[in-house]
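Secondary and tertiary structure notes
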Amino acid sequence: MEFWLILLAILGLNRVQGQIYGGSSYGAASGQAIRLGLITDDETDRIRQTFEHAISVANNELSVPLVGQTEQVSYGNSVQAFAQLCNMMQSGVGAVFGPAAKHTASHLLNACDSKDIPFVYPHLSGNAQADGFNLHPHQEDIANALYGIIKQFDWSRFIFCYESPEYLAILDHLMTLYGIKGPVIKVMRYDLNLNGNYKSVLRRIRKSEDSRIVVVGSREGVAELLRQAQQVGIMNEDYTYVIGNLDLHTFELEEYKYSEANITGIRMFSPDQEEVRDLVERLHQELGESEPADNGASTITMAMALTYDAVRVIAETTKHLPYQPQILNCSERHDNVQPDGSTFRNYMRSLEIKEKTITGRIFFEGNVRKGFTFDVIELQTSGLVKVGTWEEGQEFEFKRPAQVINFNDIDDGSLVNKTFKVLISVATKPYASLVDSIDTLIGNNQYQGYGVDLIKELADKLGFNFTFLDGGIDYGSFNKTTNTTTGMLKEIVEGRADLAITDLTITSEREEVIDFSIPFMNLGIAILYVKPQKAPPALFSFMDPFSEEVWLYLGIAYVGVSLCFFILGRLSPTEWDNPFPCIEEPEELENQFTINNSLWFTTGALLQQGSEIAPKSLSTRTIAAIWWFFTLIMVSSYTANLAAFLTIENPTSPINSVEDLADNKEGVQYGAKRTGSTRNFFLTSEDPIYMKMNEYMTNNPSMLLDNNQDGVEKVKSGNKYAFLMESTSIEFNTVRECNLTKVGDALDEKGYGIAMVKNWPYRDKFNNALLELQEQGVLARLKNKWWNEIGAGVCSAKSSSDGPSELGVDNLSGIYAVLAVGTIISIIFSIFCWCIFKKAKSYEVPFCDALVEEFKIVIRFSENERALKSAQSVYSRSRNSSHSIESLKTDSEENMPPEEAD
Ligand code: GLU
């Protein structure tokens, strides 16, 4: 087998096994070219491309060309890698570039070491391998750079977040640099092997008091940590990250640009370097990789840069040191080594190269690379910006450049003749709607509304053109966890629209991904519900003019004054009268103020009717006068109040506040717009009432509706449903729907703004124009037009025609009832009970016969005369014969009450 391999190598047929390039002749063993082997596990082919590119660049200056041979192996497959190394040895390789997998690399290093073949590895290594050749800065130097940055930040405490134990050397060195008086360092490990889930560590960071984090780890690990940090919510202005990985510039940082988190790191090369640009160009040609517009370096990793530079070092070495690698057999253990291998490797380390490298100056102190510098970079909205240079032995200081505004098309900042795509929601009156027209309208003419008018006003002021697009009913939200946007927000974030105008509430969540103008309207969440229904008047509403106490005291006064009349009447001699005026010397005197008459007198006065009883003595007249005065005032007050109380129909509503709604008082259900800021308000609120309401809405998704119009319809249907809506929209609807009203006060205060792309360069101009429109009263005029003029007036017209309403039976039913009851009582009193009973007794007839006879007389309406109790009457028929008619007459007259005698 070995024989055949050697033969193949000599014949140049080993191209079949790998890829060989760089020169026309590859027979290193023949002394004409130096073969470099690359064993790579990079599946993107970018390391190989870099390797090839570096060789072809180097060969331009070399008399003895370099020849590259690449073998692709699977990541971590040491056996396969070793087999490829043996192949290379058998073809006379002069130096070998190892793969990224660290265990495989150290395995190959040992194998190369035993054969004195220079081995190059392009990644961070815990200890400077005596025999390998590593251009990656040593961990101590990374620690030195981090120390310089942290010192500039002047932190008194921070979290040191590391991926695996090999990075602890950085922490060790940091602590050595600080000594015992250093800041408090909390050490946390995140581990890529734990299913790549760092969230528990990140949540601990969020809960801790620390917000300054130093992160060290592999390129993949650190990038993932940052991504998850954003999901956990610690990628914001409160947090500062210092990244100790030299590949920060290759991370996908776009989404953190606007997070306002401070992300600082280090890099070894700038995207502007010629070597970097050439390499990017090569990748573009060979792999079709697109060239990043602003930052070419973002595709060039440290592994690629160090591969390129290692080829450069080898090329430089070959200029000074003749090197003729020999064919070796990896299975032979003794004396079968590369004769000039160790000399070549030592010479590589003794060189100082200042030019034509990607990572800067190269020279070694022992096995450790020195003399390089780091660019300290910071993430700003324009991308990664260099904010200083770290150099060994120098105190690091930030040197931030003046903020560069990176809007290529901002030109003079004027909006004249620019055209913007403006999102509206045509289903949301009065902000936008379709114009009703028999003609077919196209373009902007199709739309009308407050928002449409406002954009037109702004366009008149600023000179821009606009195209309206219907953005639908979902205004959108930003989900921090999944880092996704929806609805109109998404359209703006993804650049399909420039502006959005509708009832779009300014919220902090939306502000994270877009910007808003100053608010053009202020509002708060309130409740839309049907107007309170009129309650039927109470039966005894005529009692309402006086309170219960007044009625009670009036009753007491009535009884008291009647008693006074009775007593004073008896005490006053003047009130004792001669019952028979013809008899001058009467034996008896009579007093008119009996209990009955006293009560009757006060009743007559109270009801303003008077009576035939006239007080005569001074005392009774005095009290009579006072009682009349009292009753005058009482009756006047009662009359004055009566009309109002009879006509009042107290409207009642089951809900009067948000608390009633939260309690579902009287079974009232409620909801809000499903995707709006109102729903979000309840989702994020920590107020117990709103949390309770949120729970209700979450458990009853059918109560959530697609848009405000659906809410209005549902409330109108009157099925005990209330809709949580913004006050301006409520105002608009209640002017048009007369049976709807706003219940309670607003729950919060906020505003509507015009949404625009984050950091939109014309934002200030827009805000100024909006302010001017506000000061000139244009905003108020537009609001009045769309709220109170167009389509309004329905309810106000109706109410103006409402005159004073007549009193119905309902209003007066109580007084009819009193009349009826009084009449019945008096009839019972006068006819059926008392007199009949007396008569029946006096004539000694059965009560029932007397009652029937009396009733017959009463209902005989044709006769207006009645005989005094005669022989024909029942009394005589029923009486026993011993009574004479004469005696009956006498008895009858004696016992007859005065009124019956009439
Ligand atoms: N103004 C709300 C928003 O911007 C929509 C209506 C609502 O949620 O009540 O999402």
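Residues numbered from 1 in each chain as written. Predicted model: local features only at pLDDT ≥ 70, side-chain atom pairs only at ≥ 80, totals over all residues. Heavy atoms only, no water.

- As recorded by an unreviewed UniProt entry, the protein carries the name GL27140 and is attributed to Drosophila persimilis.
- A UniProt comment under Subcellular location (unreviewed entry) is attached to the protein, and it reads "Postsynaptic cell membrane".
- Regarding the protein, the relevant UniProt record gives this comment under Sequence similarities (unreviewed entry): "Belongs to the glutamate-gated ion channel (TC 1.A.10.1) family." (UniProt positions renumbered as here; feature names shortened; annotations may be inferred.)

Re the overall build of the protein
- Across its full length, the protein holds 30 helices and 34 strands.
- Every one of the 902 residues in the protein was classed for burial, and the buried ones make up 47%.
- Put simply, of all contacts in the protein between residues at least 6 apart along the chain, 70% involve residues at least 24 apart.
- Carbon and sulfur atoms form 53% of the exposed surface of the protein, whose accessible area is close to 45,200 Å². (Helix = DSSP H or I, 4+ residues; strand = E, 2+ residues; numbered from the N terminus. Buried < 20%, exposed > 50% of the residue type's maximum accessible area, 1.4 Å probe, protein only. Contact = heavy atoms within 4.5 Å. Areas by Shrake-Rupley, 256 points an atom, 1.4 Å probe, with all protein chains shown as cover.)

Brief notes about the state of the cysteines
- Going through the model one piece at a time under the given rule, you end up with 2 disulfides.
- Cys86 shares a disulfide with Cys330; S-S distance 2.0 Å. With the S-S dihedral at roughly 105°, the linkage between Cys86 and Cys330 falls on the right-handed side. Of the two residues, Cys86 sits in helix α3 (residues 78-90) while Cys330 sits in the loop between α10 (302-320) and α11 (341-350), which places them 244 residues apart along the sequence. The pair formed by Cys86 and Cys330 is uniform in burial state, with each residue classed as buried.
- Shown here is the disulfide that connects Cys738 with Cys795, its sulfur atoms set 2.0 Å apart. (Disulfide = S-S within 2.5 Å.)

Observations concerning the sheet that holds strand β7 (residues 157-162)
- Pairing is mixed across the open sheet formed by 7 strands, whose spatial order is β8-β7-β9-β10-β11-β14-β15. Edge strands, defined here as strands with exactly one partner in the open sheet, are β8 (184-189) and β15 (383-391). Neighbour-to-neighbour, the strand axes of this sheet turn through a mean angle of 25°, independent of strand direction.
- In the packing of helix α6 (residues 168-178) onto the sheet, the strands contacted are β7, β8 and β9 (212-216), and the crossing angle to β7 comes to about 155°.
- Of the strands in this sheet, β7, β8 and β9 are in contact with helix α7 (residues 199-207), which crosses β8 at around 155°. (Pairing = 2+ DSSP bridges. Axes fitted to C-alpha atoms, helices over the stretch in contact; angles between N-to-C directions.)

Looking at the packing of aromatic side chains
- The final tally for this structure, using the stated rule, is 44 aromatic pairs.
- Through a chain of ring-to-ring contacts, three or more aromatic side chains come together here, namely Phe420, Tyr447, Phe464, Phe466, Phe468, Trp760, Tyr762 and Phe766.
- Looking at Lys714, its charged tip hangs above the ring of Tyr721, at a distance of 4.9 Å from the centre. (Phe/Tyr/Trp six-rings, centres within 6.5 Å; stacked < 30°, edge-to-face > 60°. Lys NZ or Arg CZ within 6 Å of the ring centre and 35° of its normal.)

So, the site of the ligand
- Around the ligand, a shell composed of Tyr475, Asp503, Leu504, Thr505, Arg510, Lys673, Gly676, Ser677, Thr678, Glu726 and Tyr752 is seen.
- With respect to the ligand, the backbone of Ser677 contributes an N or O atom lying 2.9 Å from an oxygen atom.
- Taken by itself the ligand offers 290 Å² of open surface, and the protein chains cover 100% of this.
- In terms of residue class, the shell around the ligand is built from 3 nonpolar, 4 polar and 4 charged. (Near = heavy atom within 4 Å. Polar contact = N/O pair within 3.5 Å; in protein donor to acceptor, adjacent residues only side chain to side chain. Nonpolar A, V, L, I, M, F, W, Y, C, P; charged D, E, K, R; others polar.)

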